[in-house]
Amino acid sequence: MPLEYQVPLVSFLFILIINSVYFLKRKVNLIENKAYCIILIGSLIVSIIDTILHIISSNCDEIQILKYMQFVIISNKIMSSLFCIIFSSLLTYIVLISYKKIKENFKIFGISLSIVNILIILFIFLSKVEVINAGMARNVSGSSIMIGYLFVGLILFVSFWINLIHFNKRDKRFMAFFLIVLTIGVMYFFTIFFPGIIIYDLILAIMCYIMYFTIENPDVKMLNEITLAKNELEQANQIKSDFISSMSHEIRTPVNGIVGLGSLLLEEEDLNNCKEEIKDMIDSSQKLLSITDKMFEIYAIEKQKDEEIKTEYNPKKEIENVIELYLPRIKDKNLIFNNKLQEMISVYGNLTILKKVTTQILDNAIKFTNKGSITINSKLEKNNLKIEIEDTGIGIKEEEIMNIFTPFKKTKATKNSSYSGVGVGLSITKSLLEKVNGEIKIFSKYEKGTKVMISLPIERKMK
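How each quantity is defined
Residues numbered from 1 in each chain as written. Predicted model: local features only at pLDDT ≥ 70, side-chain atom pairs only at ≥ 80, totals over all residues. Heavy atoms only, no water. Core = buried A, V, L, I, M, F, W, Y, C linked by side-chain atoms within 4.5 Å. Buried < 20%, exposed > 50% of the residue type's maximum accessible area, 1.4 Å probe, protein only. Helix = DSSP H or I, 4+ residues; strand = E, 2+ residues; numbered from the N terminus. Contact = heavy atoms within 4.5 Å. Pairing = 2+ DSSP bridges. Patch = residues over 30% accessible without salt bridge, like charges linked within 9 Å, V, L, I, M, F, W, Y side chains within 5 Å. Areas by Shrake-Rupley, 256 points an atom, 1.4 Å probe, with all protein chains shown as cover. Salt bridge = Lys/Arg side-chain N within 4 Å of Asp/Glu carboxyl O. Axes fitted to C-alpha atoms, helices over the stretch in contact; angles between N-to-C directions. Parallel < 35°, antiparallel > 145°, perpendicular 65-115°, else oblique. Left-handed = near helix turned anticlockwise from the far one by under 90°. Nonpolar A, V, L, I, M, F, W, Y, C, P; charged D, E, K, R; others polar. Phe/Tyr/Trp six-rings, centres within 6.5 Å; stacked < 30°, edge-to-face > 60°.

K.L.:
I keep staring at the nonpolar core and nothing clicks. Help me out?
P.N.:
Soluble, globular proteins show a tendency: their nonpolar side chains are buried together. With 50 residues, the main nonpolar core has Val46, Phe87, Leu90, Leu204, Met207 and Met211 as its most contacted residues. Listing elements by their share of this core, those giving two or more residues are α1 (3-24), α2 (31-58), α3 (69-98), α5 (106-126), α6 (143-165), α7 (172-193) and α8 (200-214). Of the residues forming this core, the biggest block, 13 residues, is contributed by α3. The contact partners of Leu90, leaving out residues within four places of it in the chain, are Ile39, Leu156, Phe177, Ile180, Met207 and Met211. Judged by nonpolar contacts, the second largest core, of 36 residues, contains Val347, Val357, Ile366 and Leu432.

Structure (structure tokens):
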């Protein structure tokens, strides 16, 4: 097969491969990259038509070619029109990467360029195409082809100056255009010595190839990371809003109580009659102190080093010491308390974290249980201390369990109710357990109760 017939076929296969790779690859469709998509698709259609024309030309003599003359003429007009669209898309790409304002308001520019393309294509179809012999091959000429060449030349001239004015050597997209212009110049010079070779298929193939490796196409993995960071930022903003809302309510309540009761005490002459007010004032102060302590505890957990201090302790004894502190509250609420703690040997582990997480979970169980019972049991399982605290309280809705460990995130049932707290207890518990490779799981049914399972790593005492 002669060289002039091999070039379109090879160019077609090459452009087909680039199209396949680009469109099958996961990518981000930036507005300027859509122009590249038009270039790819337009180039593929041109190479398909040109390959078909060369097959017809290579298998027909001068008489037989007359049968296909109308098809040849129409096909060349279509290819000339596609060239206008392809290089208009190249101009669009250059404009979009050069002018931020046009990119932000692309509609006017896009419509204007589309109207110009429609008018040029109309002139192309109304003009003539002539088939001429060029060596061993057949070429085309005529006013229709000249209109296409002139329009493409004008677009390249405008694109060149825009690219030159805004050239940024750090931006590979600008360099890509200069490489394309250089390719066109070299190919045109090549046709002086080989006039029968059709070069535009090869130009399109090289143009698609250069732009494929220089086009701005953000990595999908990087974008996923950006999206994740954006979601985390939005979540952090929501947490901040929840925190402000929660703290506004939780701090104002005890502070208003302290101020109000203090004002009443100033008016009393005999403080012996004010014992109830003083007690309420102390309760409000303790609530405020508890909120402050939890805020400092969150800060301490974030800043403290991951050094684990292990001490020897008896799990049952230490958990019962925590329970002892809460028995008055359990009695005041008329709750049934079931102590099912198993007898255990002494172990080595982080006693501070054991006390803190047990205190927090037991405190929650009592706070959110108005009737029924609270059950606690524990056991040693291999190198883990397992603790379960189950209550018959208000429970948690299934869709809210996933957010229960988010700081300052309160459930709908507790947000607008008399239940005190800022919603950081479980977050602190989870953070403490994670520091020692522990684990917490929550199982709950709304209005039926909650079971909290804690796993804390320990080392068994050597006999």
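Having seen it, we continue.
K.L.:
Hey, could you run me through the pairing of strand β7 (residues 384-391) in this one?
P.N.:
Regular strands place side chains that alternate from one sheet face to the opposite one. Side chains Leu385, Ile387, Ile389 and Asp391 of β7 all project onto a buried face; the interleaved residues Asn384, Lys386, Glu388 and Glu390 project onto a face where none is buried. Here strand β6 (residues 373-381) pairs with β7 via eight bridges, running antiparallel. Residue pairing in the sheet places Ser378 in a bridge with Ile387 of β7. Following β6, the chain reverses through two residues before pairing antiparallel with β7; Lys382 in that reversal takes a positive phi of roughly 55°.

K.L.:
Where do I start with a nonpolar patch on the surface in this structure?
P.N.:
Taken together, the side chains of Leu154, Phe157, Val158, Trp161, Leu164 and Ile165 present a nonpolar region at the surface, about 600 Å² in accessible area. Along the chain, Leu154 falls in helix α6.

K.L.:
Help me out: how do you make sense of the pairing of β6 in this one?
P.N.:
Where strand β4 (residues 336-341) lies against β6, six bridges are found, and the strand directions are parallel. Looking at the pairing, Asn338 lines up with Thr375 of β6.

K.L.:
I'm lost on the packing of α3 against α5 in this one. Help?
P.N.:
Each pair of packed helices can be described by the angle between their axes along with the distance between the axes. At their nearest, the axes of α3 and α5 sit 10 Å apart, and the two run at 160° to each other. The angle between α3 and α5 falls in the class roughly antiparallel. The chirality of how α3 crosses α5 is right-handed. In this structure, α3 uses Lys77, Ile78, Ser80, Ser81, Cys84, Ile85, Ser88, Leu91, Thr92, Val95 and Leu96 to contact α5, whose residues at the interface are Phe106, Phe109, Leu113, Asn117, Ile120, Ile121, Ile124 and Phe125. In terms of residue class, the contact of α3 with α5 is built from 13 nonpolar, five polar and one charged.

K.L.:
Would you mind showing me how to read the sheet that holds β7 here?
P.N.:
The strands making up a sheet associate through hydrogen bonds between their backbones, and the pairing can be parallel or antiparallel. Across the sheet, which stays open at both edges, the five strands sit in the order β4-β6-β7-β9-β8 with mixed pairing between neighbours. At either end of the open sheet lies a strand with only one pairing partner, and these are β4 and β8 (439-445). Averaged over neighbouring strand pairs, the angle between their axes works out to 10° when direction is ignored. Strands in contact with helix α15 (residues 425-435) are β8 and β9 (449-457); relative to β8, the strand with the most contacts, it is inclined by about 145°.

K.L.:
Would you explain the packing of aromatic side chains in this entry?
P.N.:
In this description, a pair of aromatic rings is defined by centroid distance and the angle of the planes. Inspection of the entire model under this criterion finds eleven aromatic pairs. Judged by centre distance (6.4 Å) and plane angle (75°), the ring pair of Tyr22 and Tyr212 falls under edge-to-face. Placement of the pair is Tyr22 in helix α1 and Tyr212 in helix α8, with a sequence separation of 190 residues. Members of the aromatic cluster, each reached through a chain of ring pairs, are Phe157, Phe160, Trp161, Phe167, Phe177 and Phe178.

K.L.:
I keep staring at the side chain of Ser373 and nothing clicks. Help me out?
P.N.:
Considering the arrangement of structural elements, one finds Ser373 in strand β6. Once you skip the residues sitting within four places of it in the chain, Ser373 turns out to touch Ile336, Asn338, Glu390, Asp391 and Thr392.

K.L.:
Before we go on, may I ask you to explain the pattern of salt bridges in this structure?
P.N.:
Across all of its chains, the model carries nine salt bridges by this definition. The salt bridge partner of Arg329 is Asp363, with a shortest N-O separation of 2.7 Å. Taken as a pair, Arg329 in helix α11 (residues 315-332) and Asp363 in helix α12 (residues 351-367) lie far apart in primary sequence, 34 residues in all. Arg329 gets classed as partly exposed once you look at its relative accessible area, which sits at 32%.

K.L.:
Would you mind going over unusual backbone geometry with me for this structure?
P.N.:
Within the chain, Lys382 stands out as a residue other than glycine whose phi angle is a positive 55°. The exposed category is assigned to Lys382, whose relative accessible area is 70%. For Glu447, which is not glycine, the phi torsion reads 65° and is therefore positive. Examined against the element boundaries, Glu447 turns out to sit in the loop between β8 and β9.

K.L.:
Explain the packing of α2 against α3 to me, please; I cannot follow it from the model alone.
P.N.:
It is the contact of α2 with α3, at a shortest axis distance of 9 Å, that shows an interaxial angle of 160°. On the basis of the axis angle, α2 is roughly antiparallel to α3. Handedness of the crossing formed by α2 with α3: left-handed. Classifying every residue of the contact of α2 with α3 gives 22 nonpolar, seven polar and two charged.

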